Structure formats: C-alpha cells, structure tokens
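The residues making up each chain are set out below.
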Amino acid sequence: MAKSEISDPFEKARLEKGIGEMDDQNDPVIMALRHKDVRRCAHNHKTFISGAEPGRIVIPSEVSIRDIRQIPFEVDPPMHGVYRAVVEPWFKRPLEADYNTALKKQIGAIIDEALSKDVVEVVKEFALVLQSRALTLLFNVPFSESQTWISWGTHVFRSQETALDASKANVLYDYIDKQITHAIANPGDDFYSMLLAAEVNEKKLTKEEIKGVIILTFAGGRDTVINAVTNSIAYFAEHPKALHRLKEDPKLVNFAIEELIRYFSPLTHMGRVVTEDTHVCEHAVKADSRISLNWASANRDASVFEKPNEVLIDRKINPHVAFGFGTHNCLGATHARQILKVLINILIDKVGSIDIIEAEDNIETLGEFKRKVGFNSIKVKFNASNTL
Amino acid sequence: MTKITFITQDNESIIVEGNSGNVMELAVQNKIKGIEGNCGGVCSCATCHVHVQPEDWDRVGAPSTLESDMLEFDDHVSEYSRLCCQINVDDTIDGIVLKVAN
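All residue numbers refer to position in the chain's written sequence, counted from 1. To read the labels, note that chains go from A and ligands from 1, taken in the order they are written. With the structure being a predicted model, the display of local features is reserved for residues of pLDDT at least 70 and the display and counting of side-chain atom pairs for 80 or more, all residues being used for whole-chain, interface and lining totals. Hydrogens and water molecules were not included; the side-chain quantities draw on all heavy atoms of the structure.

Overview of the pattern of salt bridges
All names here are of chain A.
Then, in step 1: Only one rule defines a salt bridge in this text: a Lys or Arg side-chain nitrogen within 4 Å of an Asp or Glu carboxyl oxygen. Summed over the entire model, instances satisfying the criterion amount to 26 salt bridges over all chains.
Then, in step 2: Note that R290 and D24 form a salt bridge whose closest N and O atoms lie 2.7 Å from each other. In this pair, R290 sits in strand β10 (residues 290-293) while D24 sits in the loop between β1 (19-22) and β2 (29-32), placing the two residues 266 residues apart along the sequence. Of the two residues, R290 and D24, neither departs from the other in class, the shared state being buried.
Then, in step 3: A salt bridge links R315 to E259; its shortest N-O distance comes to 2.9 Å. Counting from the N terminus, the helices are DSSP H or I runs at least four residues long and the strands are E runs at least two residues long. Think of it in three bands: with a 1.4 Å probe and only protein chains considered, a residue is buried below 20% of the maximum accessible area for its type, exposed above 50%, and partly exposed in between.

Okay, here's the thing in structure tokens:
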C-alpha cells in the first residue's frame, strides 16, 4: 500500500447497515455513514443538537476536561447565527490581499528551509510550524507568538500519552486568560480586541464567551490543518505527475484542493446529542444518546462519488462534506483553503520532487473501525525544481 | 457579453456582464452580497444558492442529481433553486434574473 493512501474502513458497514457503533468513555456513539444520512442529520439541528454539555459533541468527548462552551460551535440556532455573524467577517480575512501576501511569505520561507535540509520530519518540523505561523495571521498577533504555539505540539488537548490531557488543556486556558487580560489593557487590531469590542444582542461578549471562541479557534484548526498539510506532502511525494499537471494547468489547483480535502477528510466525524427518540438510517436512537456525522465515510460514498477511493485532482463536481455541512460548516474553512492553495502554488513553483524516507501512520480507533488520519511522523527529502 | 441581474436579500438589483466561467465566479467578482462561492465551484458548499425566475427556468435548466441533493437540505430551497457555480455564463442565459437565496 502506498504511504500516502488513506483507505476507507467504513465501506462495508456503510453499504450493509448505514451506521457504525463505537463506545467513548461510556457514552456510546451511533455513526451515520452514508452521504445523505450525514447531510440529513447535520441539517436537523433540532433533533441532533450541538448545544449540549460542553465537550460532549466532540469525539473523544471532552466533557471531563472542559467546562467552557466553544462558540459558535456548541450553540444551536438561533443563537448560533447571532454569534456566527459576529465572527464570520474576521474568518473571511484570509481572502484579503495583504493576508495572502503574508501567508505566501511564511510558507515560502518554510519550503526554502525544507529544501536546504537533507531530511525533514513533516509533522513537527513543517506542518506544525506552518499551521502555528499561519495562525498568527488569523489572530493578527505578532509572528513570535507562533513559537509558544509550536511548543504545545500537534494537539492542544491531546498528548502522546493520553487522548485527553487535562494539564495540557490548562496550559491553553491559562495562556488565553493572559492574552485576554493583555488585550483589555492594550486594545489593538488583534482577534482578542475585536471580540472584546464585539456586541451580541446589544451586549458585550462575556469573558467566558470570548474564551469559548478562542478555544475553538485553537482547537478546530490544529490537528486538522496539520494532517491536511502533511497528507498533501505525502500525496505529492508519491504522485509527482499530479504536481506537474497542476503546474501546466494552474486552473486545476482549486479542484485539487477540494479533492485532497475530500480524500483526507482531516476531521473523521463530529457528534451531536439526540433530543428525542428517533432513527438514523432506520436504526433506533434514544433521546440523550449521541450520534456522529461521519464526514470521512460520507466522502467515500460511491453513490455520490465516482471512484471514491481515488484522488482525481480534476474532479469538477465534488459535493464533499469534509468541512461539515449546513449550519455548523467549518468557520476556519477559508483559512484552511488559503493555506492549501498557497502551499500547492509554492510547491509547484519551487519543488521538483519529494522522496519519502520513512513514515509512521497515525491511526484512529473508532469501535471496530481503524482509520488512518495522517502520520505520527514522516521523514522526507524535498528536491528543488529543475527550473530554479 | 451576457447580462445577468442579481437581486439580493436587501432587494438591491445589480446588473453584471460576463462571457466566460460560471455565474458564481461572476457574482463573486462583482461582490454580490449573499454569494460566497467558498468551495470555488465544485458544488460542495452551497454558498452560491440562487432562485431563478420561473420564466427563465427553461433557459437555465434543472440541476443535476448531485446538485439537487446538495440543495435538498438547504433552508431556502424552492422549486427554482440552483447553485450558480453550476451555471455557465453564455448566450443562452443572457438577460436572466437571479434572486440570491441567502
């Protein structure tokens, strides 16, 4: 099996039953696996809510390590929309020219450095660095903050030893408290200051609400972006023709981004809490139990995607749900897409080929299912393009 | 040049012109409020939802199965809904009026 290949462990269950089952800290989850069921459940935000106990819709559940509600993520309509309207324009800033220029400079420097080395471990030396530096643009804070964020490792709540690391979560919470206190004393044009000035229903956001938005911004785009970047490098290492084709026909880059995101599905699934006894794909689910919307499975549904297990970089119609679907679609999607766009364009420009030296997969266990989401580590050699 | 009129949720009417690409791209270039085109036109994000005027429906044509699937769970769907990234800008749609759904 090629190292960049990400197989679909859900196919059999998706075809035969349409659901999968897993336990998670004695709070079981019924996973919706088919594209249509995933979309239907995501749309039905009254029966399948996000505004449950904070941390409960995340899998593995963060109930035991988090009391703060992530906003707008763990809020249901209509309040969800009110919060979303406050933060949405900020999360569209990645489309601005200055942002793009800064992102190009950052990623260009990372690639230049990678080209100068004999071996690069992509997860920690490339993707984590890239994600952390790019996040300074999203927060509009000094570049130097990225050093602190890099030191936290690839997941803000999880460590190598344990999936849910309370002491690690506290490092993040303490950091955020300090940053908010600093921004109160020194208002500027950063994300904290924007939130401190923002109003919802004619009232200022509380500190708790601001922390909820900030935690979401740190947690939601961490391992997801790191996996998307790492998996893209692995893919182009094993498919140099794809990179050459994008160089010859740059119009395909947008299609390639969406297709890689579909194929990788960096976030496997997201939970919801059930408010009334109902059904998911003819399977009974009880009130106060959990379901999940399995984006990764939906994105391999052969009734929607031809050749679902292949990366077709020119896939023109690609109704993937890798950024979620409906009301709660990913707030950071614009930032994530810009990162991939800039990364691919610089790879096209500067990199001729990439050799994988060794790789260790990062495998998630979801009940009976084992799914590769990326790599724990992957060492590669970047080779400069001949035209340089 | 093909002329298209967008009517936004604020009832603002904007006439734009183009001769290539798709209608979503044209809307984004002209900063039409309510058309985002987040996915760049691959029928994934449903942020380019428009309602076609009934008299223009035959010229624009019905959505593909995949496109109607994406529209099925949209709060503002009507029998004249389309995702405008899937409509090409060409002579056949000259003069149509599209109401922005969001």
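Some details on the pairing of strand β7 (residues 270-274) of chain A
Walk down a regular strand and you will see the side chains alternate between the two sheet faces.
Residues and elements named next belong to chain A.
Then, in step 1: Where burial is concerned, most of β7 is hidden: 5 out of the 5 residues are buried.
Then, in step 2: Side chains M270, R272 and V274 project from β7 onto one buried face, and the interleaved G271 and V273 project onto a second face that is buried too.
Then, in step 3: A pair of strands is considered paired only if DSSP assigns at least 2 bridges between the two. Bridge count for strand β3 (residues 48-49) against β7 is 2 bridges, and the pairing is antiparallel. Among the inter-strand pairings, F48 is bridged to a residue of β7, identified as V274.

As for the interface of chain B and chain A
Then, in step 1: Contacts were defined at the residue level, with two residues in contact if any of their heavy atoms lie within 4.5 Å. Taken together, the contact pairs 16 residues of chain B with 18 residues of chain A.
Then, in step 2: When the two sides are added together, the surface that chain B and chain A hide from each other amounts to roughly 1600 Å², 56% of it contributed by carbon and sulfur.
Then, in step 3: A simple way to read buried area is as the amount of 1.4 Å-probe accessible surface that goes missing from two parts once joined, with both sides added. Per-residue buried area on chain B facing chain A is highest for V42, L66 and F73 of chain B; these three make up 42% of the total on that side.
Then, in step 4: In this assembly, chain B and chain A are joined by 2 salt bridges.
Then, in step 5: Measuring nitrogen to oxygen at the nearest pair gives 3.1 Å for the salt bridge that ties K36 of chain A to E72 of chain B.
Then, in step 6: Nitrogen and oxygen atoms within 3.5 Å of one another constitute a polar contact, given that in protein one can donate a hydrogen and the other can accept it, and given that sequence-neighbouring residues count only through two side-chain atoms. Summed over the shared surface of chain B and chain A, the number is 10 residue pairs in polar contact (both at pLDDT 80 or more).
Then, in step 7: All amino acids are sorted into three groups, where Ala, Val, Leu, Ile, Met, Phe, Trp, Tyr, Cys and Pro are nonpolar, Asp, Glu, Lys and Arg are charged, and the leftover types, Gly among them, are polar. Partitioning the side of chain B that touches chain A into residue classes produces 6 nonpolar, 5 polar and 5 charged.

Focus: the environment of P60 of chain A
Then, in step 1: Within the secondary structure layout, P60 of chain A lies in the loop between β3 and α3 (79-91).
Then, in step 2: Separated by 47 residues in the primary sequence, P60 of chain A and I107 of chain A have C-alpha atoms spaced 32 Å apart.

Topic: the packing of helix α7 (residues 166-185) of chain A against helix α9 (residues 207-220) of chain A
Residues and elements named next belong to chain A.
Then, in step 1: Following both chains from N to C, one finds α7 and α9 inclined at 125°, their axes separated by 10 Å at the closest point. The angle between α7 and α9 falls in the class oblique. The handedness of the crossing between α7 and α9 is right-handed. Contacts between α7 and α9 involve L172, Y173, Y175, I176, D177, I180 and T181 from the former and K207, I210, K211, I214, I215 and F218 from the latter.
Then, in step 2: Of the residues belonging to the contact of α7 with α9, the class tally is 9 nonpolar, 1 polar and 3 charged. What counts as an axis is a line fitted to C-alpha atoms, over the stretch in contact for a helix, and the angles between N-to-C directions run from 0 to 180 degrees. The labels follow the angle: roughly parallel below 35 degrees, roughly antiparallel above 145, roughly perpendicular from 65 to 115, and oblique for the rest. Should the near helix be turned counterclockwise from the far one by less than a right angle, the crossing is left-handed, whereas a clockwise turn marks it as right-handed.

A short note on helix α2 (residues 35-43) of chain A
Then, in step 1: If you check which residues of α2 of chain A are buried, you get H35, D37, V38, R39, C41 and A42 of chain A.
Then, in step 2: On its buried face, α2 of chain A is in contact with β2, β3, β8 (278-280), β10 and α13 (295-298) of chain A together with α3 (65-72) of chain B.

Here we look at the sheet that holds strand β4 (residues 120-121) of chain A
Residue and element names in this part refer to chain A.
Then, in step 1: Taken in spatial order, the 3 strands of this open sheet run β4-β12-β11, and their pairing is antiparallel. Either end of the sheet is taken by a strand with one partner, and the two such strands are β4 and β11 (351-366).
Then, in step 2: Bridge count for β4 against strand β12 (residues 369-384) is 2 bridges, and the pairing is antiparallel. Bridge pairing in β12 links E121 to K379.

Notes on the packing of aromatic side chains
Aromatic ring pairs are reported here in terms of the distance separating the ring centres and the angle at which the planes meet.
Residue and element names in this part refer to chain A.
Then, in step 1: Stacked, tilted and edge-to-face are the three classes assigned to paired rings of Phe, Tyr and Trp, where Trp is represented by its six-membered ring and a pair needs centres within 6.5 Å; plane angles under 30 degrees give stacked, over 60 edge-to-face, the rest tilted. Under the counting rule described, the total for this entry stands at 15 aromatic pairs over all chains.
Then, in step 2: Geometrically, the ring pair formed by F10 and F369 is tilted, given 5.0 Å between the ring centres and 50° between the ring planes. With F10 in the segment before α1 (11-16) and F369 in strand β12, the pair connects residues that are 359 residues apart, well separated along the chain.
Then, in step 3: Taken together, a centroid distance of 5.4 Å and an interplanar angle of 70° make the contact between Y235 and F236 edge-to-face.
Then, in step 4: Owing to a relative accessible area of 6%, Y235 belongs among the buried residues under this scheme.
Then, in step 5: Of the aromatic side chains, those joined through ring pairs into one cluster are W90, F91, F139, W149, W152, Y175, F191, Y192 and F218.
Then, in step 6: Note on geometry: a ring has a charge over it if NZ (lysine) or CZ (arginine) is within 6 Å of the ring centre and within 35 degrees of the ring normal. Positioned over the ring face of F325 is R39, at 5.9 Å from the centre of the ring.
Then, in step 7: The ring of W90 carries R93 above its face, with NZ or CZ at 4.1 Å from the centroid.

Section: a negative patch on the surface
All names here are of chain B.
Then, in step 1: A cluster of acidic side chains, namely E17, D90, D91 and D94, defines a negative patch on the protein surface.
Then, in step 2: The residue D91 is located in the loop between β4 (81-83) and β5 (96-100) in this model.
Then, in step 3: Note on D91: relative accessible area 66%, which makes it exposed. Surface patches are drawn from residues lacking salt bridges whose relative accessible area is over 30%; two like charges belong together within 9 Å, two nonpolar side chains (Val, Leu, Ile, Met, Phe, Trp, Tyr) within 5 Å. Here, Shrake-Rupley sampling with a 1.4 Å probe gives the accessible areas, and only protein chains in the shown set may cover a residue. The convention is simple: Lys and Arg are positive, Asp and Glu are negative, and His and the chain ends are not counted. Note on charges: their place is set at NZ of Lys, CZ of Arg, CG of Asp or CD of Glu.

Description of the nonpolar core
Residues and elements named next belong to chain A.
Then, in step 1: Residues grouped as a nonpolar core are buried Ala, Val, Leu, Ile, Met, Phe, Trp, Tyr and Cys residues, joined through side-chain atoms within 4.5 Å. In this structure, F126, F218, F236, L343 and F382 are the most contacted members of the largest nonpolar core, which totals 150 residues.
Then, in step 2: For this core, the leading source of residues is helix α5 (residues 122-139), giving 12 residues.
Then, in step 3: In this structure, F236 is in contact with A242, L243, L246, L260, I344, L347 and I354, ignoring residues within four places of it in sequence.
Then, in step 4: The next biggest cluster of nonpolar side chains, apart from the first, holds 10 residues, and it includes F10, M22, V29 and F369.

Focus on the pairing of strand β1 (residues 2-7) of chain B
All names here are of chain B.
Then, in step 1: The buried count for β1 comes to 5 of 6 residues, which makes it a mostly enclosed element.
Then, in step 2: Connecting β1 to the next strand, strand β2 (residues 13-18), in antiparallel fashion are 5 residues, including N11 with a positive phi near 65°.
Then, in step 3: In this structure, β1 lies alongside β5, joined through 4 bridges in parallel fashion. Bridge pairing links I7 to K99 in β5.

Overview of unusual backbone geometry
With glycine set apart, most residues show a phi of negative sign, and most peptide bonds adopt trans.
All names here are of chain A.
Then, in step 1: In this structure, P60 follows I59 across a cis peptide bond, with omega equal to 0°.
Then, in step 2: Here I71 and P72 are connected by a cis peptide whose omega angle stands at 5°.
Then, in step 3: Mapped onto the secondary structure, P72 falls in the loop between β3 and α3.
Then, in step 4: Even without glycine at this site, S265 takes up a positive phi of about 35°.
Then, in step 5: Its location among the elements puts S265 in the loop between α12 (253-264) and β7.
Then, in step 6: The buried category is assigned to S265, whose relative accessible area is 1%.

Keep in mind that these numbers describe shape and distance, not what the molecule does.
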